[in-house]
Amino acid sequence: SGAHTHPSAHPESGPGASELAPVLLATAAAQDVAAAEALGYASTRDTLGCFQDPDRGGMGLHYVNSALMDDKPDARHPEAFVYELAADGGVAGLVALEYIVPIEAWHQSAPPELFGTPYHKHATLPLWVLHLWVWKSNLDGIFADFNPAVRQCPAGVPIFGRDLPKPAPTTPGR
């Protein structure tokens with residue numbers, strides 16, 4: 001089956017209002033980055049940078065709560081908030097939630113899932129991930145990784161996969 005037949009590829013499919021309402025209520029405060037930080041979320045600008053795909057769209061800058069990185073998906077407590085960046089590199093606004101389960105924490109054969117949708121393995125990081133574009137509409141689908149309506153990362157901001165993450169330092173043999 002091609003990408004066009006996958007349910008998450010259609011904006012009209014996905015969770016209904018009754019499933020999304022508690023998620024929206026639980027995450028609305030994160031529209032304010034300071035509120036997200038007060039809840040334990042921290043910017044990954046200096047460790048992972050800004051995520052984008054020139055062909056599929058922007059994603060943005062993640063604020064991650066490492067205390068939530070476990071094997072227990074919880075729709076009301078995403079592991080990351082995803083913010084679109086303004087042209088000057090500042091945060092323009094909350095655009096998506098990202099649910100993350102570390103690969104090593106997940107011991108079941110089937111991937112984790114929320115809203116009846118399985119997570120997928122991140123292309124390079126050892127993580128199961130699922131995006132939920134509830135704060136900015138995504139024509140590619142509510143669960144797509146990238147959003148064509150989100151601007152590409154602005155100049156001067158490190159780009160994931162190009163500038164970051166930095167390779168782990170190698171230590172000489174002891």
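Our subject in this report is the structure included herewith. All figures in this text were calculated on a predicted structure; none of them were measured in a lab.

1. Considering the pairing of strand S9 (residues 127–132)
Part 1 of the reasoning: The element S9 is largely enclosed, with a buried count of six among its six residues.
Part 2 of the reasoning: The alternating pattern of S9 places Leu-127, Val-129 and His-131 and Trp-128, Leu-130 and Leu-132 on opposite faces, both of which are buried.
Part 3 of the reasoning: Summarising the sheet, strand S5 (residues 91–102) and S9 pair through six bridges and their orientation is antiparallel. Residue Leu-97 lies in a different strand from S9, and its bridge partner there is Leu-132.
Part 4 of the reasoning: Examined bridge by bridge, strand S8 (residues 120–121) and S9 share two bridges and lie antiparallel to one another. By the bridge assignment, Lys-121 is partnered in S9 with Trp-128.

2. Quick look at the nonpolar core
Part 1 of the reasoning: One finds Phe-81, Tyr-83, Tyr-99, Phe-115 and Leu-132 to be the most contacted residues of the largest nonpolar core, which totals 30 residues.
Part 2 of the reasoning: Mapped by element, the contributors of at least two residues to this core are helix H1 (17–27), helix H2 (33–38), strand S3 (57–64), strand S4 (80–85), S5 and S9.
Part 3 of the reasoning: Of all the elements, S5 adds the most residues to this core, at four residues.
Part 4 of the reasoning: Core analysis: the second largest hydrophobic core is formed by 15 residues, Val-82, Ile-100, Leu-125 and Phe-160 among them.

3. Section: the pairing of S5
Across a regular strand the side chains alternate sides, sitting on one face of the sheet and then on the other.
Part 1 of the reasoning: Within S5, ten of the twelve residues are buried, leaving the element largely enclosed by the surrounding structure.
Part 2 of the reasoning: The pairing of S4 with S5 spans six bridges and is antiparallel. Paired with Tyr-83 across the strands is Leu-94, a residue of S5.
Part 3 of the reasoning: A loop of five residues connects S4 with S5, the two strands running antiparallel in sequence, and Gly-89 in this loop sits at a positive phi of about 95 degrees.

4. A word on the pattern of salt bridges
Part 1 of the reasoning: Scanning all chains against the criterion turns up five salt bridges.
Part 2 of the reasoning: One salt bridge in this structure joins Asp-53 and Arg-56, with 3.2 Å as the shortest N-O distance.
Part 3 of the reasoning: Owing to a relative accessible area of 44%, Arg-56 belongs among the partly exposed residues under this scheme.
Part 4 of the reasoning: The partner of Asp-71 in a salt bridge is Lys-72, with the nearest N and O atoms 2.9 Å apart.

5. Examining the environment of Asp-88
Part 1 of the reasoning: With respect to the helices and strands, Asp-88 occurs in the loop between S4 and S5.
Part 2 of the reasoning: Taking the relative accessible area as the measure of exposure, Asp-88 reaches 68% and is therefore exposed.
Part 3 of the reasoning: Along the sequence, Asp-88 and Cys-153 sit 65 residues apart, while their C-alpha atoms lie 9.9 Å from each other.
Part 4 of the reasoning: From its side chain, Asp-88 meets the backbone nitrogen of Gly-90 in a polar contact 2.8 Å long.

6. Things to note about H1
Because the α-helix completes a turn every 3.6 residues, residues three or four places apart line up on one side.
Part 1 of the reasoning: Along H1, the residues that are buried comprise Leu-20, Val-23 and Thr-27. The arc that holds every buried residue of H1, seen down its axis, measures 60 degrees, which confines them to one face. Exposed residues on H1 whose side chains face more than 90 degrees from its buried face are Ala-17, Ser-18 and Leu-25.
Part 2 of the reasoning: As for H1, its buried residues are in contact with S4, S5 and S9.

Rules used in this analysis
- Note that residues are indexed from 1 along each chain, following the sequence as it is written.
- Whole-chain, interface and lining totals are the exception, using all residues; otherwise, since this is a predicted model, local features are given only for residues with pLDDT of at least 70 and side-chain atom pairs are given and counted only at 80 or more.
- Note that the side-chain values use all heavy atoms of the structure and ignore hydrogens as well as water.
- Each residue is placed in one exposure class: buried if its accessible area under a 1.4 Å probe, protein chains only, is under 20% of its type's maximum, exposed if it is over 50%, and partly exposed if it falls in between.
- Segments assigned H or I by DSSP are reported as helices when at least four residues long, segments assigned E as strands when at least two residues long, and all are numbered from the N terminus.
- A pair of strands is labelled paired if DSSP reports no fewer than 2 bridges between them.
- For the purposes of this section, nonpolar cores are sets of buried Ala, Val, Leu, Ile, Met, Phe, Trp, Tyr and Cys residues that join through side-chain atoms within 4.5 Å.
- Salt bridges are counted wherever a side-chain nitrogen of Lys or Arg sits within 4 Å of a carboxyl oxygen of Asp or Glu.
- In the analysis that follows, any N or O atom pair within 3.5 Å is treated as a polar contact, provided that within protein one partner can donate a hydrogen and the other can accept it, and provided that, for residues neighboring in sequence, both atoms belong to side chains.
- The arc under discussion is defined with respect to the helix axis, by the directions toward the C-beta atoms.
- Any two residues whose heavy atoms approach within 4.5 Å are treated as being in contact.

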